[in-house]
Structures are given as C-alpha cells and as structure tokens.
Amino acid sequence: MRIGIGALVGIRGGPATYAHELVAALSRLGGHRYVVFTDRPEDFASLDVERVHVPLPTTYHQVLWDHGRLPGLIAAQRVGLYHGTKNILPWRLSVPGVVTVHDLAVYACPETFAWPQRLHSQLCVPLAVPLALAVPPAPAAIDALRSRHGLGEHLVACVGTIQPRKRVEHVIDAFGRARGAERGWELIIAGRLRPGYQPAWLHALPAGVRWLGALGDADLSALYAAAAIAMSASEYEGFGLTVLEAMAAGCAVVAVGVTSVPEVAGDAALLVARSDPILLGDTLARLLDDPAARASLGERARQRAATFSWEETARRTRDVYDEVLG
C-alpha cells in the first residue's frame, strides 16, 4: 500500500525530529511504500521513499500547507492512507487519515502561541483527533563543538524552542541561585527562538550563561554528550523529547514533574513539583557538588532511554496504518 506522510521538518523542534526519524525507521521496516509530503525533500534524499515538495514560506503558512496544497497532492499521488505528523489532518482528505497530536499545549497554555497558530490548532486538532533517539556523536565532534563556541569542561544544557511555556528564565534564575558560574560551570541554552518572542534575558545574559541559538542535529547531539547535566523548566510537555534526548546521552536531568515528563523520565531524573527557580536551583546545586550522584543518575538515565527506539515507534505506527486500512 502507498502511505502518505506529511513531514514539516524545516522548523526545528520535537515534531520535526519525530517526522524525520519516523520516516527513516518506517523505510527501514518496510511493509508499505511511503510517499513523503515535505517542505524539505532534501532531508529525505538518502531514504527509500518517494518525495513530494510542498513549500512552506513561514510558520504562519501552515494552514495553507495543510488545507490548500496537500489535498490535491495527496489525491494525485494515489496514496491509500495519509499520516499527518504535526497535529493536523487536511480538510477535504480523500483517503483514511492518521494523525499524531504531540500535545494539547494550545489549550493548556494558549497565551504562549501567536493567534494564527492558536486559531489553526484549536479549530483543526479536534477534527483530526512513542518516540526515540539518535546515535551518540564521535569524540571529535564534541571537541569541535567546544572549540567552535569556546565552551568549557563543565556544562549544564537547556535545550528546546525558546517560547514562554518553556520558562527558560527559570533555568537561568536557578543556575544563578545554585552559584553555577562561581563553581566553574556554564549554562548553555540552545534552541530556535519562536517568531515574535523576545525574552528580556536574551539581551542581558548573566555570567556563565550562553545562548547558542538553533543547532543542527550533529551539534545538538554533541552538546548533549558534552553536558554533564541537563535542565528543563517547561510547564507543559506533550512528550518531553529533549528530556529523553538528554537522558540518552547520559546527562543527569533536572526537570519539572508535570504532564508527560514523569512517564518519560521515570526514576531516572530529578523532578521538582513545579516550575520554580528555588526548587530547580536547590536540586541543581546538589548535583553540582556531587560527581558520584551525577554519574549514577546519568547511568540510570541512559538505561531508561535505551528502552525507547525509533524501530519500535515505527512498528507501532505501522500497526495503526494496518488497523485503519483494515
């Protein structure tokens, strides 16, 4: 059967990683022929899939991408099923549909979305209604990242799209309360800045805090591997991919135990009750002072993360396709 998959990967973040890695795993698994409708066909050039280019000028054009361009292209490609990997199924869909809804943050934290995104999702998600990790980088890649950005040996990583509900300012505050810089540590923030969002901390970073912006996959993997600790102050996660990525790299993780994070992290991370700089800072300080605790937590994290795989995600997804197709 020809299966169509919508894969918006030009805008970095969890949904883009999910779409790319799912397609890669499905192509390895076989069983169907896959047609990928994507804004970046070159990202899938090495895979045994058909590619259909569907340009996306900006994030605000997704409504046209989903509902204007896709229906005709899906029909023209004669697919038997379409999988929307980013929360939405097109209107006028002429074949059975499967959708991955990554989270319901647009309902839980609507103020953190621009109004076009909020309107699109709130209208379309109701009508439409597991992840895994990359191979560790080579030591040379880690050294290259350190050299390129002038990073020290003792790093705390904070990774994710820079937007209000991620509460990066709480991580920065917690790092200061833990006297991270005085102890010889650096807080490295990496992630795409959401269009229209300009947090005050961007223009006045405290001592020991760096923002590297959006990193490519190789550099992001190297950052996780270079960091001994990873922190998240996010108040809402549909899955918590950055938490799992850090755990897979052996980071000792400090995060907020809300929404999906406890299910992903289990007992292999230090979780605080709420996104509070005092709670986060106290927890971080304990890790900064205790190398043995960092190593033990990092090893537990690596073992738990190893239970997640893209192959298993692909198998379960293919089972859904087969169930829908009867």
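Everything here concerns the structure above.
What you are looking at is a predicted structure, and each value in this text was computed from that prediction instead of being measured.

(A) A look at the nonpolar core. Within the largest apolar cluster, 34 residues are counted, with the highest numbers of intra-cluster contacts made by Val159, Leu223, Met247 and Val253. Ignoring sequence-local partners within four residues, the contact set of Met247 consists of Val253, Val264, Ala265, Ala268, Gly298, Ala301, Arg302, Arg304 and Ala305. One finds Met231, Val254, Val256 and Leu288 within the second-largest nonpolar core, a separate group that totals 29 residues.

(B) The arrangement of helix 2 (residues 62-76) in detail. Here helix 2 contains 15 residues, and its C-alpha end-to-end distance of 20 Å stays within 8% of the 21 Å for a straight helix at 1.5 Å per residue. Of all the bends found along helix 2, the most pronounced is centred on Leu70 and spans about 50 degrees, while Pro71, a proline, follows it within four residues. Within helix 2, the full set of buried residues consists of Gln62, Trp65, Asp66, His67, Leu70, Pro71 and Ile74. After helix 2 finishes, the residue Arg78 shows a positive phi value of roughly 55 degrees.

(C) View of the packing of helix 1 (residues 14-29) against helix 12 (residues 310-325). At a minimum axis distance of 8 Å, the contact between helix 1 and helix 12 shows a crossing angle of 80 degrees. On the basis of their axis angle, the class for helix 1 and helix 12 is roughly perpendicular. Between helix 1, through Thr17, Tyr18, Glu21, Leu22, Ala25, Leu26, Arg28 and Leu29, and helix 12, the contact on the second element is made entirely by Trp310, Glu311, Thr313, Ala314, Arg315, Thr317, Arg318 and Tyr321. For the contact of helix 1 with helix 12, the class distribution of residues is 8 nonpolar, 3 polar and 5 charged.

(D) Local environment of unusual backbone geometry. Residues other than glycine seldom take positive phi values, yet Arg92 does so here, at roughly 60 degrees. Of note, Arg92 is situated in the loop between strand 4 (81-84) and strand 5 (97-99). Even without a glycine there, the phi angle at Arg179 is positive, about 50 degrees. Here Arg179 shows up in the loop between helix 6 (168-177) and strand 7 (186-190). Judged by relative accessible area, Arg179 falls into the partly exposed class, the value being 40%.

(E) Expanded view of the sheet that holds strand 4. One open sheet holds the 5 strands; their spatial order is 3-2-1-4-5, and the pairing between them is parallel. Two strands in the sheet have a free side with no partner beyond their single neighbour: strand 3 (50-53) and strand 5. Adjacent strand axes in the sheet meet at a mean angle of 20 degrees, parallel and antiparallel pairs treated alike. Pairing of strand 2 (residues 33-38) with strand 3, which is carried by 4 bridges, proceeds in the parallel orientation. Its bridge partner lying in strand 3, Thr38 is registered against His53. The sheet contacts of helix 12 involve strand 1 (2-7), strand 2, strand 4 and strand 5, and relative to strand 4 the element is tilted by about 140 degrees.

(F) Representation of the pattern of salt bridges within the structure. If you walk through the whole model with that rule in mind, you get 17 salt bridges. A salt bridge links Arg12 to Asp217; the nearest nitrogen and oxygen atoms lie 3.1 Å apart. The exposure class of Arg12 is partly exposed, given its relative accessible area of 38%. In this structure Asp217 comes out as exposed when scored by relative accessible area, which is 51%. Linking Glu299 and Arg302 is a salt bridge whose minimum nitrogen-to-oxygen distance equals 3.9 Å. With Glu299 and Arg302 both in helix 11 (residues 291-305) and 3 residues apart, the pair spans about one turn of that helix. Overall, the relative accessible area of 38% leaves Glu299 in the partly exposed class. Within this structure, Arg2, Arg33, Asp48 and Glu50 form a network of salt bridges that share partners.

What counts, and at which threshold
Residues numbered from 1 in each chain as written. Predicted model: local features only at pLDDT ≥ 70, side-chain atom pairs only at ≥ 80, totals over all residues. Heavy atoms only, no water. Core = buried A, V, L, I, M, F, W, Y, C linked by side-chain atoms within 4.5 Å. Buried < 20%, exposed > 50% of the residue type's maximum accessible area, 1.4 Å probe, protein only. Contact = heavy atoms within 4.5 Å. Helix = DSSP H or I, 4+ residues; strand = E, 2+ residues; numbered from the N terminus. Expected span 1.5 Å × (residues − 1). Bend = angle between axes of the 7 residues up to and from the residue. Axes fitted to C-alpha atoms, helices over the stretch in contact; angles between N-to-C directions. Parallel < 35°, antiparallel > 145°, perpendicular 65-115°, else oblique. Nonpolar A, V, L, I, M, F, W, Y, C, P; charged D, E, K, R; others polar. Pairing = 2+ DSSP bridges. Salt bridge = Lys/Arg side-chain N within 4 Å of Asp/Glu carboxyl O.

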